[in-house]
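A look at the structure
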Amino acid sequence: MSIHFPFVMLSWDNCKVNMVASGGYHQAIHFISCNTCASNEGFRNFLVTSSYGGLKMKPVLRKGSCNLGHSVKCIGHSPNSSLCAIKPIFSSLSSTKDSRRSAPESYLILIRHGESMWNEKNLFTGCVDVPLTNKGVEEAIEAGKRIRHLPIDVVYISALIRSQMTAMLALTEHHCKKVPIIIHNETEQAKLWSQIYSEGTEMQSVPVIKAWQLNERMYGELQGYNKQETAERCGKEQVYKWRRSYDAQPPNGESLEMCLRRAVTYFKEQVEPQLSGGKNVMVVAHANSLRSILMYLDKLTAEEVIHLELSTGVPMLYIYKGNQFIRRGSPLGSMEAGVYAYTESLALYKQNLLDEVSL
């Protein structure tokens, strides 16, 4: 059972203690605002964590210049204000390659988005930004149920709404109940305006990184046309070649080879370092961008990859260990416990979850 802390105000050496519950994690986050610290030290905040009754205090010094290196930044408040911002949320993601740690294994979850409204109509969609159908929403929720007990530290999505809807809906089912936060790095102003400065909130959040490189293959002048009607007009062999060959381009569109170049390059440069650093990653993308990534992960040939079919809304699990990717298939919904038998670490992770619930 989770431990819930009521909101209380305590007097502690003339400091006010604000206790705020952090449900579901057996830990409360407390911020102490002290107004009677020595003048030569300036005002002080304390970040306090509580676990099963024990308190730990972490002082945060507040001076007019907020001289605490890069970890704290004042945001225009007067010296008498108790508001001094802690480091921006998820700032460590920008320096993954420099902060890798040794990890026995990490977990990679890949999901093709749920059925879109153009999937339902059998239209070439490509990079047209189309939302999910009701069936697609249900598929996304079911995908979330299948992976709800797998650890997730960071999520990657494409720039298209069907990928984003699928990721967000899947994460609503996750056992950790953390809030997915889309990271906006498009401009300096976007970075500034979307920052969150609370360490407590950061602990309860999952960073979601949007990348156009994970977009579906761009189908050029085929986009918006019905696949069956196009096959009747242009010939089944020609349409099959456009859709399934490795290097053939639709008119003014991308070949699978071109899609692979951008998707796999991004995966190697951005996603793989997270796995190397011990992070557990979920990627929600599209049939062809994921087909490209799977070609890299499973070392498929150009002939093998064109026959690879990916169902909408079905998660696939890989273990990253010793710089190698080991395919583990898909968690099986109500039989999801079976996925933990594949590795000792996953089995231990699942057991820890069960132990927490039984407390």
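Predicted model only: the values in this text are computed from it and were never measured. (Residues numbered from 1 in each chain as written. Predicted model: local features only at pLDDT ≥ 70, side-chain atom pairs only at ≥ 80, totals over all residues. Heavy atoms only, no water.)

1. Some thoughts on the confidence of the model for the protein
Looking at the protein as a whole, the pLDDT averages 76, with 66% of positions reaching at least 70. Per-residue pLDDT stays below 50 along residues 1-89; that stretch engages in 171 contacts with residues further than four places along the chain or on separate chains. Scored below 50 in pLDDT, residues 94-101 shows ten contacts in the model against residues more than four places distant or in partner chains. (pLDDT = per-residue confidence, 0-100. Contact = heavy atoms within 4.5 Å.)

2. Examining the pattern of salt bridges
Tallied over the entire structure, the rule returns six salt bridges. Two residues, Glu 309 and Arg 244, come together in a salt bridge whose shortest N-O distance is 3.0 Å. With Glu 309 in the loop between helix 10 (302-305) and strand 13 (315-321) and Arg 244 in helix 7 (residues 236-244), this pair connects stretches of sequence that are 65 residues apart. Classification of Glu 309 by relative accessible area gives exposed; the value is 56%. For the salt bridge of Glu 254 with Arg 262, the shortest nitrogen-to-oxygen distance reads 2.8 Å. Relative accessible area serves as the criterion here: at 13%, Glu 254 is assigned to the buried category. (Salt bridge = Lys/Arg side-chain N within 4 Å of Asp/Glu carboxyl O. Helix = DSSP H or I, 4+ residues; strand = E, 2+ residues; numbered from the N terminus. Buried < 20%, exposed > 50% of the residue type's maximum accessible area, 1.4 Å probe, protein only.)

3. Description of unusual backbone geometry
Backbone geometry at Asn 122 places phi at a positive 60 degrees, although glycine is not the residue there. With a phi angle near 55 degrees, Lys 299 is a residue other than glycine that sits in the positive phi range. Take Lys 299: it is sitting in the loop between helix 9 (287-297) and helix 10.

4. Things to note about the packing of helix 6 (residues 227-234) against helix 7
Contact pair helix 6 / helix 7: the axes reach a minimum separation of 6 Å and the direction vectors enclose 125 degrees. As summarised for this structure, helix 6 and helix 7 are arranged oblique, according to the angle between their axes. Contacts from Lys 227, Thr 230, Ala 231 and Cys 234 of helix 6 reach helix 7 at Lys 236, Gln 238, Val 239, Trp 242 and Arg 243. For the contact of helix 6 with helix 7, a count of residues per class yields four nonpolar, two polar and three charged. (Axes fitted to C-alpha atoms, helices over the stretch in contact; angles between N-to-C directions. Parallel < 35°, antiparallel > 145°, perpendicular 65-115°, else oblique. Nonpolar A, V, L, I, M, F, W, Y, C, P; charged D, E, K, R; others polar.)

5. Quick notes on the sheet that holds strand 9 (residues 154-157)
On the basis of which strands lie adjacent, the open sheet formed by seven strands has the order 10-11-9-12-8-13-14 and mixed pairing. The strands lining the two open edges of the sheet, one partner per strand, are strand 10 (179-183) and strand 14 (324-327). The sheet shows a mean angle of 25 degrees between the axes of neighbouring strands, taken without regard to direction. Relative to strand 11 (residues 205-210), strand 9 is paired through three bridges, and the arrangement is parallel. The residue of strand 11 that forms the bridge with Tyr 156 is Ile 209. Each of strand 8 (106-112), strand 9, strand 11, strand 12 (281-285), strand 13 and strand 14 touches helix 8 (residues 256-276); the most contacted strand, strand 9, lies at about 165 degrees to it. (Pairing = 2+ DSSP bridges.)

6. Describing helix 9
Of all eleven residues in helix 9, ten are buried; the element is thus mostly enclosed. Within helix 9, the full set of buried residues consists of Ala 287, Asn 288, Ser 289, Leu 290, Arg 291, Ser 292, Ile 293, Leu 294, Met 295 and Leu 297. Lys 299 occupies a position one or two residues after helix 9 and carries a positive phi of about 55 degrees.

7. Concerning the packing of aromatic side chains
Tallying each qualifying case throughout the model produces six aromatic pairs. Centre to centre, the rings of Tyr 296 and Phe 325 are 6.4 Å apart; their planes meet at 65 degrees, and the pair counts as edge-to-face. Here the residue Tyr 296 occupies a position in helix 9, and Phe 325 occupies one in strand 14, the gap between them amounting to 29 residues. The partly exposed category is assigned to Tyr 296, whose relative accessible area is 26%. (Phe/Tyr/Trp six-rings, centres within 6.5 Å; stacked < 30°, edge-to-face > 60°.)

8. Quick notes on the nonpolar core
Ranked by internal contacts, the top residues of the largest apolar core, which has 24 residues, are Leu 108, Leu 110, Tyr 156, Val 283 and Leu 297. Looking at this core, the elements with two or more residues in it are strand 8, strand 9, helix 8, strand 12, helix 9 and strand 13. When residues no more than four places from it in sequence are discounted, the contact partners of Leu 108 are Phe 267, Leu 275, Val 281, Val 283, Leu 297, Met 316, Leu 317, Tyr 318 and Phe 325. In terms of nonpolar packing, the next biggest core, distinct from the first, is built from 18 residues, Tyr 107, Ile 147, Ile 152 and Ala 167 among them. (Core = buried A, V, L, I, M, F, W, Y, C linked by side-chain atoms within 4.5 Å.)

9. Overview of the environment of Lys 321
With respect to the element layout, Lys 321 can be found in strand 13. Look at Lys 321 and you get partly exposed, because its relative accessible area is 44%. In sequence terms Lys 321 and Pro 104 are 217 residues apart; their C-alpha atoms lie 6.3 Å from each other.

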